[in-house]
Every structure is written in structure tokens, then in C-alpha cells.
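A structural walkthrough
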Amino acid sequence: KQEVTQIPAALSVPEGENLVLNCSFTDSAIYNLQWFRQDPGKGLTSLLLIQSSQREQTSGRLNASLDKSSGRSTLYIAASQPGDSATYLCAVRETTNAGKSTFGDGTTLTVKP
Amino acid sequence: DGGITQSPKYLFRKEGQNVTLSCEQNLNHDAMYWYRQDPGQGLRLIYYSQIVNDFQKGDIAEGYSVSREKKESFPLTVTSAQKNPTAFYLCASSMDRGSNQPQHFGDGTRLSIL
């Protein structure tokens, strides 16, 4: 059974700092890995999608990497801003079970002005 | 604009009552999913549907039921058999079950017990 772990569970940084969020998964039989942002009481906003054949994806200040063989992904946020404060979730889409996604529990990020 | 609409945003259930959460998408997606999120946790899959008139149980289907009579609609019923229904419910869709397509999410329904 696929398990997804996100470390740390919570992170607090001063504004302007670069930071890395970690995601690990136990079964490398995946189609893709997706990073989401969730604001309190809200739904999920997709940030980046990395296909299993890709190594990384970039969008603005965000860069996500994928090492499928080791079961790891990182989300790098450059020059963090208070508006980046949210919970960040990673999800892997499995090649079995009709492509369902398994989620980590998230990392709650607070960026202090 | 294309997207996923969930309603209501907040829902309250009395003891012994069944309640239905609505999920509608105009993205022309084949696959639809229902997830449950508890505080401080990730999402767990309740049910999913790959095509009209077909659906499969996810990891925590007990106490829930679904239907998929139309491509754009995938309602979730929380039955009285679900003893701990208080949670945030998220509906998602994707172009097909394969894969390299991203999942799109609605804004969620928060269900509480009266």
C-alpha cells in the first residue's frame, strides 16, 4: 500500500528566506506527483505536476523535483513571502487502483513579515 | 470558466439523517473522486468513478454512497451509518483515470453534526 510522508509537519520562517518542503513515498509505481496549496477552510490549488519521466518542474518562485527511484520529491520556494503561508500537500498518482491519488498529511508553512 | 462546483459550503447533519453533498464539473472530465479530510491530515479517498454509471469504493467507503448518472455530476450521500461524519469533503475530477493528467479540486463542503 502506498504511503506518503511529508516532513516537516510545520515550518516557520522569516520573510525572504528560501525553503524546502519534503515529500517521500513508498511505491515508485506512479504516474505523477502533484504539489498543492491549501488555505484554511479552502479547497486545493494545484501548484506543480511532475510526470514520472520528469525530474523537475518550475513555476515562478516554485521548483519541484522528483527522484522516483528513491521515492522523494522536494518543493523549493524562493524568496518566501507572507502570502505563501498555507498548507502544502503532495500527492502521488498510482499506476494501479484506477489512478487514484494518495496524499501526505501536509506541511503548514508560516512566513513571518 | 470551467471548474468544479461543490455545494453547499457548510452542511449540518442531525442524528440518523442522511445528507447529500453535490459536486458538478463542466470540464468534460471522465473521472471524478470524493475525498475526506480531517483536521491536520491529508485526504483519504471515499469513492471514485471513471465513467458514467460506474463507480468504485476507495479506502474509506463505509457509511457513504454515490451515484454517477451524468458525466458532470457525482453526488455523495453521507448515511446514518457513518458514525463520525464531521470532516471537510473535497470533490475532484481529471480527464481520465490514466494518469498524466492533473486532478482539479472543488472548494469543499464542511459537514458538522448538530
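Preceding this section is the structure that the text describes.
A short tour of the structure in this document, coming up. It should be emphasised that the depicted structure is a prediction, and the values quoted were computed from it without experimental measurement.

1. Some words on the packing of aromatic side chains
- One pass over the full model with this rule turns up 9 aromatic pairs over all chains.
- Where Phe36 of chain A meets Phe105 of chain B, the ring centres are 5.2 Å apart and the plane angle is 85 degrees; that geometry is what we call edge-to-face. Taken together, the positions of Phe36 of chain A in strand 4 (residues 30-38) and Phe105 of chain B in strand 10 (residues 104-105) put the pair across two chains. Here Phe36 of chain A and Phe105 of chain B have matching classes, each one buried.
- Measuring from ring centre to ring centre gives 6.0 Å for Tyr47 of chain B and Phe55 of chain B, while their planes differ by 75 degrees; the resulting arrangement is edge-to-face.
- According to the relative accessible area criterion, Tyr47 of chain B is buried, its value standing at 8%.
- Look at Phe55 of chain B and you get partly exposed, because its relative accessible area is 35%.

2. Let's talk about the sheet that holds strand 3 (residues 19-25) of chain B
Residue and element names in this part refer to chain B.
- Read across the sheet, 4 strands follow the order 1-3-8-7 without closing on themselves; strand pairing throughout is antiparallel. Pairing within the sheet leaves two strands with one partner each, and these edge strands are strand 1 (4-7) and strand 7 (64-66). Ignoring which end each strand starts from, the neighbouring axes of this sheet average 20 degrees apart.
- Here strand 3 pairs with strand 8 (residues 76-78) via 3 bridges, running antiparallel. Its bridge partner being in strand 8, Val19 is matched across the sheet by Val78.

3. As for the interface of chain B and chain A
- In this complex, chain B contributes 27 residues to the contact, which on the side of chain A involves 21 residues.
- Between chain B and chain A lies a buried interface of about 1,800 Å² when both sides are counted; carbon and sulfur atoms form 51% of it.
- Joining chain B to chain A, the criterion identifies 0 salt bridges.
- Mapped onto the side of chain B that touches chain A, the elements with two or more residues apiece are strand 4 (31-37), strand 5 (43-51) and strand 9 (87-94) of chain B.
- The greatest single-element share of the side of chain B that touches chain A, amounting to 4 residues, is contributed by strand 5 of chain B.
- For the side of chain B that touches chain A, the class distribution of residues is 9 nonpolar, 12 polar and 6 charged.

4. A few points about the pairing of strand 6 (residues 56-59) of chain A
All names here are of chain A.
- Here 4 bridges tie strand 6 to strand 7 (residues 62-67), and the two strands are oriented antiparallel to one another. Along strand 7, the bridge assignment pairs Thr58 with Asn63.
- Here strand 6 hands over to strand 7 after 2 residues, with Gly60 in that stretch at a positive phi of 60 degrees.

What counts as what
- Residues numbered from 1 in each chain as written.
- Chains lettered and ligands numbered in written order.
- Predicted model: local features only at pLDDT ≥ 70, side-chain atom pairs only at ≥ 80, totals over all residues.
- Heavy atoms only, no water.
- Phe/Tyr/Trp six-rings, centres within 6.5 Å; stacked < 30°, edge-to-face > 60°.
- Helix = DSSP H or I, 4+ residues; strand = E, 2+ residues; numbered from the N terminus.
- Buried < 20%, exposed > 50% of the residue type's maximum accessible area, 1.4 Å probe, protein only.
- Pairing = 2+ DSSP bridges.
- Axes fitted to C-alpha atoms, helices over the stretch in contact; angles between N-to-C directions.
- Contact = heavy atoms within 4.5 Å.
- Buried area = accessible area lost by both parts, 1.4 Å probe.
- Salt bridge = Lys/Arg side-chain N within 4 Å of Asp/Glu carboxyl O.
- Nonpolar A, V, L, I, M, F, W, Y, C, P; charged D, E, K, R; others polar.

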